[in-house]
Amino acid sequence: MKSAKERMTTGFGMPVDDDLNSQTAGRGGPVLMQDVHLLEKLAHFDRERIPERVVHAKGAGAYGYFEVTGDVTAYTRAAFLSEPGKRTEVFVRFSTVGGEKGSADSERDPRGFAVKFYTEEGNYDLVGNNTPIFFIRDPLKFPDFIHTQKRNPVTNLKDPDMFWDFLSLTPESVHQVTILFSDRGTPKSYRHMNGYGSHTFMWYNADGDHYWVKLHLKTEQGIENFTAEEAERMRAIDPDCATRDLFEAIKGGDFPSWSLQVQIMTPEQARNFRFDPFDLTKVWPHAEFPLQEVGRLVLDRNPRNYFADVEQAAFSPANFVPGIGPSPDKMLQGRLFSYHDTHLHRLGPNYHLLPVNAPKACRVRSYQRDGAMRMDDNGGPGPNYWPNTFGGPDPDPSVAPPAVQVEGPAARHAYRLEEDDFVQAGRLYRKVMDPVDREHLIGNIVGHLSGACRRIQLRQAALFYKVDTDYGLRVARGLGLDPERVQSLAQMSQQERVEATS
Ligand code: NDP
């Protein structure tokens, strides 16, 4: 007999006698229902897949640590940021956004960059991307936007008409489109890209003073991107190139790292700023809001099991710790609801108990009970309501975030001037990109936009023209569009332009 340690068992621990031959009635007869090991094995296999994430389905992840290197206690009371040298365990998941779980890592797409800090005050999730901005700034547009990045409901194919129709009807997207179609839209690996919290968040200190912040994770490996041709080749050679790169680098002891930096804006500055500092389609210029060092993120441990750690990982921008809170950024407000909600659907009501999602540096003491797959002691004999006089945990008013003033009528408020939407994309095109960046940008756009119909090409080229005349004219030339028509469309209001191209 084998020792208990080595013996194969069923899911319930019963020893298995044979894992090669199903029980049959006679040597050549039918399979017997009483082969309970076979039934259990097939039934579990039938349920191995959980729902794919609707976005960020393809990903890779790793554990590591975050170490504080700068003193930010004047701005935040977060315990994990309380002193230089302090370390906190982290789990990071990188991903592409639009593709399915089996899609290629080198596709043109933003990349997800989600960090879970296992702090002593609970888990803090920074659920960012590799771009400092986004395509839209109102969560009401998000499901529509994602539909256009996915498959056509009739053909089940990716559809340039859907893709560019929506973007050309959404002028605020042109800044993010300009980053996505630069070579930054095809990073060489997850190690060679930056991460950004993208949203504006609130930090508040021990005195209750609050600040608005934007967080940047700058790669210490340097930015490296594929050209469109290299990305295309890599799709065929190794569709899992970024997943492989991350795993192998960490396995070989080449631990990737990022420096966490923060831009800080006072409430006074925010009130008087020339554009809405909570608009997710805009960056805060570095010259006005210089980056300050906070700490260093290092990934040094691969997951032991992909499904347990990476597939079941669930991040939520709503997971704040005392000292960090939300801002009025509308997209952030929408995400505060949506991430938790999608995890309830994908993983169930007790997903927070899964090891990768559970706090590691503090105890959970809540009155939440029961639900499918409750896998801890469910509060044991303790009271399941509050207030109580049976020794249950109490809320702590000292961790309350500061009150923030809001005013004005409750209504569906539109953002300000349309012209604002082109300024920063113009700076990027003219001042930040070099001639090679611009050449690749134009080539990448023309390659993709050429798949859309003429009227949509015209409408989108007019938006590029509004960003910068050279930008618009080069796209128009690449597509064989009449430059005068593009110019005249660019001079119309968005509504007139839409009417003229519908
Ligand atoms: P800066 O010149 O101070 O910053 C430009 C920043 O752009 C760089 O620091 C770098 O940030 C990033 N960058 C460099 N090359 C590229 C590229 N090829 N594609 C995309 N981004 C690149 O000027 P501003 O702060 O005034 O920003 C000017 C424009 O730069 C913005 O309108 C925006 O489009 C872009 N940008 C600005 C960022 C910000 O937070 N201010 C961040 C990223 C881009 P990084 O090290 O983060 O890559």
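Residues numbered from 1 in each chain as written. Predicted model: local features only at pLDDT ≥ 70, side-chain atom pairs only at ≥ 80, totals over all residues. Heavy atoms only, no water.

J.: Is there a simple way to explain the packing of helix 2 (residues 142-149) against helix 3 (residues 160-168) in this structure?
T.: Helices that pack against each other are described as a pair by the angle of their axes relative to one another and the distance between those axes. Here helix 2 crosses helix 3 at 145°, and the two axes come no closer than 7 Å. Here helix 2 contributes Asp144, Phe145, His147, Thr148 and Gln149 to the contact with helix 3, which in turn contributes Met162, Phe163, Phe166 and Leu167. (Axes fitted to C-alpha atoms, helices over the stretch in contact; angles between N-to-C directions. Helix = DSSP H or I, 4+ residues; strand = E, 2+ residues; numbered from the N terminus. Contact = heavy atoms within 4.5 Å.)

J.: Just to check I follow, could you spell out the nonpolar core for this structure?
T.: One broad trend across soluble globular proteins is that nonpolar side chains are buried collectively. Membership of the largest hydrophobic core comes to 46 residues, with the highest contact counts inside it found for Trp164, Ile445, Phe464, Tyr471 and Val475. Those elements that place two or more of their residues in this core are helix 2, helix 3, helix 4 (174-180), helix 10 (420-432), helix 11 (435-449), helix 12 (454-467), helix 13 (469-479) and helix 14 (483-490). Here this core takes 8 residues from helix 12, the largest share from any one element. Here this core spans two domains, since at least three of its residues come from each of domain 1 (59-135 + 188-353) and domain 2 (423-500). Excluding its chain neighbours within four sequence positions, the residues that come into contact with Tyr471 are Thr178, Tyr429, Leu441, Ile442, Ile445 and Phe464. By size, the runner-up hydrophobic cluster in this structure holds 37 residues, among which are Phe80, Leu217, Ile264 and Ile324. (Core = buried A, V, L, I, M, F, W, Y, C linked by side-chain atoms within 4.5 Å. Buried < 20%, exposed > 50% of the residue type's maximum accessible area, 1.4 Å probe, protein only. Domains from an automatic or database assignment.)

J.: Would you explain the domain arrangement of the protein chain in this entry?
T.: Many analyses report the size of an interface as the accessible area lost when the parts associate. The domain architecture assigned to the protein chain consists of domain 1 (59-135 + 188-353) and domain 2 (423-500). One C-alpha centre belongs to domain 1, the other to domain 2; they are set 31 Å apart.

J.: Is there a simple way to think about the site of the ligand in this case?
T.: Around the ligand, 16 residues are found, and the nearest of them are His175, Arg184, Tyr196, Lys218 and His286. At a separation of 2.5 Å, an oxygen atom of the ligand approaches a polar side-chain atom of Tyr196. Trp284 is positioned such that a nitrogen or oxygen atom in its backbone is 3.0 Å from a nitrogen atom of the ligand. When the ligand is considered free in solution it has 770 Å² of accessible area, and contact with the protein chains removes 79% of it. Listing elements by their share of the shell around the ligand, those giving two or more residues are strand 7 (210-219) and helix 10. Sorting elements by how many residues they give to the shell around the ligand places helix 10 first, with 4 residues. Residues that form the shell around the ligand fall into these classes: 7 nonpolar, 5 polar and 4 charged. Both of domain 1 (59-135 + 188-353) and domain 2 (423-500) provide at least three residues apiece to the shell around the ligand. (Near = heavy atom within 4 Å. Polar contact = N/O pair within 3.5 Å; in protein donor to acceptor, adjacent residues only side chain to side chain. Areas by Shrake-Rupley, 256 points an atom, 1.4 Å probe, with all protein chains shown as cover. Nonpolar A, V, L, I, M, F, W, Y, C, P; charged D, E, K, R; others polar.)

J.: Quick question: what am I supposed to make of the packing of aromatic side chains here?
T.: To describe a pair of aromatic rings, one takes the distance between the centres and the angle between the planes. Here the structure, examined in full by the defined rule, presents 28 aromatic pairs. Taking 5.4 Å as the distance between ring centres and 85° as the angle between the ring planes, the aromatic pair formed by Phe66 and Phe117 counts as edge-to-face. With Phe66 in strand 1 (residues 59-68) and Phe117 in strand 3 (residues 111-119), the pair connects residues that are 51 residues apart, well separated along the chain. Overall, Phe66 belongs to the buried group, its relative accessible area being 0%. For the ring pair Phe145 and Phe166, a centre distance of 6.0 Å and an interplane angle of 45° mean the geometry is tilted. Pair noted here: Phe145 is in helix 2 and Phe166 is in helix 3, with a separation of 21 residues, a long-range link. Taken individually, Phe145 and Phe166 each receive the classification buried, so the pair is uniform in this respect. Taken together, Phe163, Trp164, Phe181, Tyr429, Phe464 and Tyr471 form an aromatic cluster joined through their ring pairs. Sitting above the plane of the Tyr65 ring, Arg87 keeps its charged end 3.8 Å from the centroid. Positioned over the ring face of Tyr63 is Arg301, at 4.5 Å from the centre of the ring. (Phe/Tyr/Trp six-rings, centres within 6.5 Å; stacked < 30°, edge-to-face > 60°. Lys NZ or Arg CZ within 6 Å of the ring centre and 35° of its normal.)

J.: Where do I start with the environment of Asn21 in this structure?
T.: For Asn21, the position within the fold is in the segment before helix 1 (36-46). As for Asn21 and Arg363, which are separated by 342 residues in sequence, their C-alpha atoms are 47 Å apart. Reaching out from Asn21, the side chain makes a polar contact with the side chain of Asp18 at a distance of 3.1 Å.

J.: What is the right way to read the pairing of strand 7 from this model?
T.: Every other side chain in a regular strand lies on the same face of the sheet, so the side chains alternate between the two faces. Here strand 7 lies mainly inside the structure; 9 of its 10 residues are buried. Strand direction decides the pairing type here: strand 5 (residues 195-196) and strand 7, joined by 2 bridges, are antiparallel. Bridge pairing in strand 7 places Gly195 opposite Leu217. Bridge analysis of strand 6 (residues 201-204) against strand 7 gives 4 bridges, and the strand direction is antiparallel. Bridge pairing in strand 7 links Phe201 to Val213. Where strand 6 folds back onto strand 7 in an antiparallel hairpin, the turn is made up of 5 residues, including Gly208, whose phi is positive at roughly 85°. (Pairing = 2+ DSSP bridges.)

J.: Even after reading the chapter, I still don't get the pattern of salt bridges, so can you show me in this structure?
T.: Close approach of charged atoms lets side chains of opposite charge pair. The final tally for this structure, using the stated rule, is 29 salt bridges. One salt bridge in this structure joins Arg87 and Glu67, with 2.8 Å as the shortest N-O distance. In this pair, Arg87 sits in strand 2 (residues 87-96) while Glu67 sits in strand 1, placing the two residues 20 residues apart along the sequence. We classify Glu67 as partly exposed; its relative accessible area is 24%. The salt bridge partner of Glu120 is Lys86, with a shortest N-O separation of 2.4 Å. Pair noted here: Glu120 is in the loop between strand 3 and strand 4 (122-129) and Lys86 is in the loop between strand 1 and strand 2, with a separation of 34 residues, a long-range link. Each of the salt bridges in this network shares a partner with another, and the network as a whole consists of Arg137, Asp279, Lys282 and Asp421. (Salt bridge = Lys/Arg side-chain N within 4 Å of Asp/Glu carboxyl O.)

J.: Before we go on, may I ask you to explain the pairing of strand 6 in this structure?
T.: Every second residue of strand 6 is oriented toward a common face, with Phe201 and Trp203 on one face and Met202 and Tyr204 on the other, all of them buried. Pairing geometry for strand 6 and strand 10 (residues 324-325), over 2 bridges, is antiparallel. Each residue of the ladder has a partner; that of Trp203, found in strand 10, is Ile324.

J.: What exactly am I supposed to notice about the side chain of Thr10 here?
T.: Its location among the elements puts Thr10 in the segment before helix 1. Among the residues examined, Thr10 registers a relative accessible area of 12% and is labelled buried. Ignoring any residue separated from it by four or fewer positions in sequence, one finds Thr10 in contact with Val16, His37 and Glu40.

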